[in-house]
Amino acid sequence: MHDENTPTANESIAKIPTWTHLLKFSLPTIMSILIMSTFGIVDGIFVSRLIDPNALAPVSIVFPFLGFVMAIGFMLGVGGNALIAKKIGEGKAQEAKENFSLITLISFLLATSIAAIGIIFPDFILSILGTDEYIHQMALSYMLPLLYFLPLIVLGMVFQQFLITAGKAHYSAITAFLGGSTSAGLNFLFIYVMDMGLQGAAFATSIGYSLSAIVGLTFFIFNRKGSLHFVRPRLDLHALGRTCINGASEMVTMISISITSILMNNILLDLEGHEAVAAAGIMFAGMGIFSSLFIGYASGVMPIISYNFGKNDTDNLKKVYVNSLRLIGVISVISVVLAVLSVDVLISIYDVPIDTPIHNMARTGFLFIAASFILMSFNAFSSMFFTALNNGIVSSVLSFFRTLIFISIAFLTLPHFFGLYGVWAAIPTAEVLGIIMTIFFFWKMKKVYKYA
């Protein structure tokens, strides 16, 4: 039975999913992820211009650890969002609020525990990340401030997902813009004015990320009339389990990126040294910007998929599936074109001179990755699509093979035959293998969920 808090047909999450509605509904999430992805760019610009381009290397070294922790927040946010949107569609409004409150609490406790371990044993973590004597101290000064803010950073990621279901995705976009602006201003203050170096860059980024947590906490505490707000959490192990299973693929993706980044950084250090690691940092920052277009769309429409799945509305589910595939195709082509046209501009903002080793390596690597955006977009959507259907197993299998198994095999084999080109070709190779799995599971599962 539906109660008064269940979305009605005139609310965004329950409307007929035409392609215009899907695009309009997902646009705030696209903008939010796009803006958040610029945080790394902002850091990189100030680090490269005001410190040294080679200082990008320790930033790239620390990124996998931060990605590992954020993966937990993303798992709980995305997985919990899929579960709660489904329960709202089923009319279980109070249970959805209790689960939401529990997931938020667990996210905060986990992030706090991991941050404490990192603060106590920073040298051990940096040794795992592959730092040498040249990078170690710089990486340490960048990592510690991030650890202090880690609980707020993780909460911000969780709230970004739940604000979509609450019908306030534009809050995330606005907060992301304010966070990016704050980060840029503080980078200038901490690095240029106060001469804090990499430590200043880390503090600036951390404060920028934390704004999402502050906005989320304020909204979910005081907005008592919405479909989602904080209530007394009830320990529901089944809901936590479903949340983790639903979001496992997203966690697998981010953890896999962290693992493969460590692997890639070590290979690059052996092949070309610190300059290659710095070039990779520029390359992946650019990838984050353009891939945010299709990743933002996939993340943005997840509540609509989950809601209609919970409501057992197969007609609307079919519309979401077909229209999303069309939109993903268009968005991915736009991403490729924009990436190719702007590659030199992207590298130039880091104040890296043309025809220097860092410039040439970053340009070549970025073009390799841009060529794979079309396949990457469908692969990313397929994983989030099955997460939204509360099938974390299929979603995890897709993510696990694409972002860890396939790419690790490529990293370990291709450089032996093609050197640095083999490193850059690893991601496109993984995406080619991944699209085969995506097509198979779309075909295999359509009889189960009736989305086609």
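Preceding block: the structure.
Cut-off values and rules
Residues numbered from 1 in each chain as written. Predicted model: local features only at pLDDT ≥ 70, side-chain atom pairs only at ≥ 80, totals over all residues. Heavy atoms only, no water. Phe/Tyr/Trp six-rings, centres within 6.5 Å; stacked < 30°, edge-to-face > 60°. Helix = DSSP H or I, 4+ residues; strand = E, 2+ residues; numbered from the N terminus. Buried < 20%, exposed > 50% of the residue type's maximum accessible area, 1.4 Å probe, protein only. Axes fitted to C-alpha atoms, helices over the stretch in contact; angles between N-to-C directions. Parallel < 35°, antiparallel > 145°, perpendicular 65-115°, else oblique. Left-handed = near helix turned anticlockwise from the far one by under 90°. Contact = heavy atoms within 4.5 Å. Nonpolar A, V, L, I, M, F, W, Y, C, P; charged D, E, K, R; others polar. Core = buried A, V, L, I, M, F, W, Y, C linked by side-chain atoms within 4.5 Å. 1 Å grid on protein atoms, 1.4 Å probe; cavity = no way out; pocket = protein on both sides within 12 Å on 5 of 7 lines; lining within 4 Å. Points joined across faces, edges and corners; volume = space filled by probe spheres on them.

## Remarks on the packing of aromatic side chains
Using the criterion set out here, one finds 29 aromatic pairs in the structure. When the ring of Phe 159 is compared with that of Phe 220, the centres are 5.6 Å apart and the planes differ by 45 degrees; the resulting orientation is tilted. Of this pair, Phe 159 sits in helix α6 (residues 150-165) while Phe 220 is found in helix α8 (residues 197-222), placing the two residues 61 residues apart along the sequence. Side by side, Phe 159 and Phe 220 carry an identical accessibility label, which is buried. Ring centres of Phe 385 and Phe 442 lie 6.0 Å apart, and the angle between their planes is 75 degrees; on these two criteria the pair is classed as edge-to-face. In this pair, Phe 385 is assigned in helix α14 (residues 373-388) and Phe 442 in helix α17 (residues 426-449), connecting sequence segments 57 residues apart. On the accessibility criterion, Phe 442 (9% relative accessible area) is buried. Through a chain of ring-to-ring contacts, three or more aromatic side chains come together here, namely Phe 100, Phe 159, Phe 162, Tyr 171, Phe 219, Phe 220 and Phe 230.

## Looking at the packing of helix α7 (residues 169-193) against α8
Relative to each other, α7 and α8 sit at 155 degrees, their axes nearing to 8 Å. As the angle between them shows, α7 and α8 are arranged roughly antiparallel. In this structure, α7 meets α8 at a crossing whose hand is right-handed. For the pair α7 and α8, contact is made by Tyr 171, Thr 175, Leu 178, Gly 179, Thr 182, Ser 183, Leu 186, Asn 187, Phe 190 and Ile 191 and by Gly 197, Gly 200, Ala 201, Phe 203, Ala 204, Thr 205, Ile 207, Gly 208, Leu 211, Ser 212, Val 215 and Phe 219, respectively. Tallied by class, residues from the contact of α7 with α8 come to 12 nonpolar, 10 polar and no charged.

## Comments concerning the nonpolar core
Counting 144 residues, the largest nonpolar core has Phe 220, Leu 268, Tyr 297, Phe 373, Phe 385, Phe 386 and Tyr 451 as the members making the most contacts within it. Looking at this core element by element, the count peaks at 19 residues for helix α11 (residues 274-311). Apart from residues no more than four positions distant in its own chain, Phe 220 is found in contact with Phe 100, Phe 159, Phe 162, Leu 163, Ala 166, Leu 228, His 229 and Phe 230.

## Observations concerning the layout of surface pockets
Estimated volume of the largest pocket: approximately 250 Å³. In terms of lining, the largest pocket is formed by 14 residues, of which the most central are Phe 65, Phe 68, Ile 125, Ile 128 and Leu 129. Where the lining of the largest pocket is concerned, the elements lending two or more residues are α2 (56-89), α3 (93-120), α4 (122-129) and α10 (248-271). When its residues are assigned to classes, the lining of the largest pocket shows 12 nonpolar, two polar and no charged.

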